[in-house]
Amino acid sequence: MTERTPVTVTVNGIQYERSVEARLLLSDFLRHELNLTGTHVGCEHGSCGACTILLDGAAVRSCILFAVQVNGRAITTVEGLASDQNHLHPLQEAFREKHALQCGFCTPGILLTLIPFLAENAQPTEQAIRTVLSGNICRCTGYQNIVDAVLLAANPLP
Amino acid sequence: MLSESGYDGKVLAGGQSLVPAMNFRLAQPSILIDLNGIDALFYVIPGRGGGLQIGAMTRHRTVERSDLVATRAPLLHAAMPHIAHVQIRNRGTLGGSLAHADPAAELPAVMVALDARFRLQSARGERWVPAADFYIGLFTTALAPDELLVEIAAPPQPPHSGWSFQEIARRPGDYAIVGVAATVYLDATGRCTEARLVYLSVGEGPTTAHNASAILRWQTPTVEAIAAAAHTAAYQDVDPLADIHATADYRRHLVEVLGKRALTEAFARATEPHPSVLRA
């Protein structure tokens, strides 16, 4: 029987307790143990950004963290953004408005990268947006609509 | 724990290089020793006489945002945004990057240019190693298998010194095609006493352009002297490899161009008033 380690972690405000192998990646923990499949796995080596989540509010790659490392910590995944089934997060609304996703594979990682960025940069320039997104690869959109969505989120129409 | 596990054990710092390697099965340690709970290794504090002391587990993002680093080691501050992406910098650590010794990494070159020293600790005791002596080969450092890098000490910047960091990458956050960390020192008459060009991504590790330094030593840093030093760096001090990102010739070209830019910027900074004067 492979040794298992207890992990207690708060995800999107809900506390979970599980017993996992030390080698289990956080991305796999979120997807398979907690059934939170909004966090996507693209490259499994930290380059593509699809697996990006918030750990204690900071954007990090979940595919290169082990689940046991987040014991006692707070995680936000894309499932934690909308306030309820009928109300998207304002950033998600802006993405919808500006058609900032097509297949949507990169979108959760991009949204979570942008949340702390916008918290610190209320009026980002286009260059600053493009720079912060340099760690998230999107194959569909060409990024322009994503930039437009971020600008809209930062400057909501009355 | 490290001395008990021998070659089968690896320390886990930020994991931003180690865990990708493990995911690829290129690294298969049987034991990982997680350093993330050792609070005592996370710090940025003033060093003796105006320098800096940084704990090895300090996250890149902390260094990037530190006012202390910005004022006492502006070369380090300037290099930080070039390291990968913000998500990597939120988790990656200074010590982890320095011990990993990727030839394309910014920090080893910066530390050599700054004349920084590293404190290494083991069950057998501790020792200090200058950054210039720490890098001995491809992904190979002076760390013994049972040693841990615990602290980085950067000396104070003397008056009439300057710095510059230059890097070319295809996109922000990509591995550098070529980069350079430069530090220069002038005497009171404006003559160069030392000029260091430390390149990254041109060889097995941080590569100091010694012949270029010799050209500038005890000379007035004129446009011609700078051009000669940059040319020497490209054609006598480095032997870059070709790969899918660039030919050797293109890397050599970048060595000269970035060398010239770095030296020009560094010498301009060296003739500005010293920060301590500005603060008065």
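See the structure printed just above.
Residues numbered from 1 in each chain as written. Chains lettered and ligands numbered in written order. Predicted model: local features only at pLDDT ≥ 70, side-chain atom pairs only at ≥ 80, totals over all residues.

## Overview of the overall build of chain A
Counted only if it meets this: Secondary structure elements follow DSSP: runs of H or I no shorter than four residues count as helices, runs of E no shorter than two count as strands, and numbering proceeds from the N terminus. The reference for a compact globule is 2.2 Å times residues^0.38; the radius of gyration itself is calculated from the C-alpha atoms. Each residue is classified by how many other C-beta atoms fall within 10 Å of its C-beta atom, where C-beta atoms are placed from the backbone; a count of 20 or more means buried, 12 or fewer means exposed, and values in between mean partly exposed. Throughout, a pair of residues is in contact if the C-beta atoms placed from their backbones lie within 7 Å.
Secondary structure assignment for chain A yields five helices and five strands. In sequence order, chain A lays out its α and β elements as β-β-α-β-β-β-α-α-α-α. Radius of gyration (C-alpha) of chain A: 16 Å, near the 15 Å computed for a compact globule of 158 residues. Each principal axis of the C-alpha atoms in chain A carries an extent, and together these give about 55 × 30 × 25 Å. Counting across all 158 residues of chain A, residues that qualify as buried make up 39%. Of the contacts made within chain A by residues no fewer than 6 positions apart, 59% connect residues no fewer than 24 positions apart.

## Focus: the sheet that holds strand 3 (residues 44-46) of chain B
Residues and elements named next belong to chain B. Note the threshold: Two strands are said to pair when DSSP picks up at least two bridges between them. With axes taken as lines fitted to C-alpha atoms, and helix axes fitted only over the stretch in contact, angles between N-to-C directions fall between 0 and 180 degrees.
Taken in spatial order, the five strands line up as 3-4-9-5-6 in an open sheet, and their pairing is antiparallel. In the strand order of this sheet, the two ends are held by strand 3 and strand 6 (125-130), each with one partner. Each strand of the sheet is rotated relative to its neighbour by a mean of 25°, with strand direction disregarded. One ladder, built from four bridges, connects strand 4 (residues 52-55) with strand 9 (residues 148-154); its direction is antiparallel. Each bridged residue has a counterpart across the sheet, and for L52 the counterpart in strand 9 is A154.

## Comments concerning the interface of chain B and chain A
The following threshold applies: Ten residues, namely Ala, Val, Leu, Ile, Met, Phe, Trp, Tyr, Cys and Pro, are considered nonpolar, four, namely Asp, Glu, Lys and Arg, are considered charged, and the remaining ones, Gly among them, are considered polar.
Listed by partner, the interface residues are 17 residues for chain B and 17 residues for chain A. Contributions of two or more residues to the side of chain B that touches chain A are made by helix 2 (18-23) and helix 6 (86-89) of chain B. Grouping the amino acids of the side of chain B that touches chain A by side-chain chemistry returns six nonpolar, eight polar and three charged.

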